[in-house]
Amino acid sequence: MASSREIRRRIRSVKNISQITRAMEMVSASKMRRAQQRVVAARPYTARIRAVIAHLARLRNMAEEEGSFPLLEQRPIRRIAVILITPDKGLTGAMTSNVIRRASRYILDEAGAPVELITVGKKGRDFMVRYRRDVVAEFTALGDYPTLDQISPIAQVAIDDFVSGKVDAVQLIYTRFINTLTQRPEVQQLLPVESPVEEETGDYIFEPNPEVVLNSLLPRYVDQQVYRAMLESIASEHSARMVAMRNATENAQDLVSDLTLSYNKARQAQITREVSEIAAGANALGG
């Protein structure tokens, strides 16, 4: 059994750790609220741009005009690019391992073709490099509140590879934010752009014509999809970290309670032993 001094040292160490995890929980909670607001604000714009693209695609089909739309081109899949979005930092519970596991399952079992990777975040990059996957581009340290200008280069790499014919499809793998306790890894086809189901968009006049507007809008739509996925991942990261740090704090408090009980038992045993030694010494002197 550990001595009372050793147990007291462990109690002090665990209390210090619990103070750190509590502080990290509060920081993540603050960042999570702002990240959630950004996700909620981005979703309506994404939905509207999808509706406009669907409307433009319908007008093009009605006019029976082919035009040149490289980002809509369907072709046999010989090579795939995957944009993998993960956090830069750890302490997010199972979130990071879940999205990496989902990406690995897609690469090994579902892709059906060679895969190149565009990694966003250190965790995904480190994992894929460790297992010698083909990482063609990496983006790290984008911060907790990235702008669309920071995200555009990620989408541009994918667009350039697709238009040049280097890859025939681009998949986006990220963690979708459901709520504070739930984050779900998702695989989404980014390129070629799938024509969305048309929603009610109103009666618009497109100048100079729908084809030109559609060709200009498609790259912005791809940018917006990557940007939204990035915001979803950031909100998921802070939510997962807040929950993980809360659990760590509670576990530390439970451990302190157990160690305190052990300390009291050790202290009581020491006192009993000292009393017994004093009594034995007194009896010996008396005899």
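On a predicted model such as this, the values are computed, not experimentally measured, just so you know. (Residues numbered from 1 in each chain as written. Predicted model: local features only at pLDDT ≥ 70, side-chain atom pairs only at ≥ 80, totals over all residues. Heavy atoms only, no water.)

Engineer: Provide a residue-level description of unusual backbone geometry, including the pertinent values.
Structural biologist: The omega torsion of the bond from Leu-191 to Pro-192 falls at -5°, within 30 degrees of zero and hence cis. Following the sequence through the fold, Pro-192 ends up in the loop between strand 5 (182-191) and helix 5 (210-286). Here Leu-91, not a glycine, exhibits a phi torsion of approximately 60°, which is positive. Following the sequence through the fold, Leu-91 ends up in the loop between strand 1 (80-85) and helix 2 (95-110). One non-glycine residue, Arg-132, lies in positive phi territory at about 60°. Looking at the element boundaries, Arg-132 is found in the loop between helix 3 (122-130) and strand 3 (135-139). (Helix = DSSP H or I, 4+ residues; strand = E, 2+ residues; numbered from the N terminus.)

Engineer: Please set out helix 4 (residues 148-164) residue by residue, giving values where relevant.
Structural biologist: Its 17 residues give helix 4 an end-to-end C-alpha distance of 24 Å, which sits within 8% of 24 Å, the value for a rise of 1.5 Å per residue. The positive-phi residue at the C-terminal boundary of helix 4 is Gly-165, with phi of around 90°. (Expected span 1.5 Å × (residues − 1).)

Engineer: Residue-level account of the pattern of salt bridges, with values.
Structural biologist: In the structure shown here, the tally under the stated rule is 18 salt bridges. For Asp-134, the salt bridge goes to Arg-79, with nearest N and O atoms at 2.5 Å. Of this pair, Asp-134 sits in the loop between helix 3 and strand 3 while Arg-79 sits in the loop between helix 1 (4-63) and strand 1, and the two are 55 residues apart along the sequence. Taken together, the salt bridges that share partners define one network made up of Arg-43, Arg-176, Glu-186, Arg-228 and Glu-232. (Salt bridge = Lys/Arg side-chain N within 4 Å of Asp/Glu carboxyl O.)

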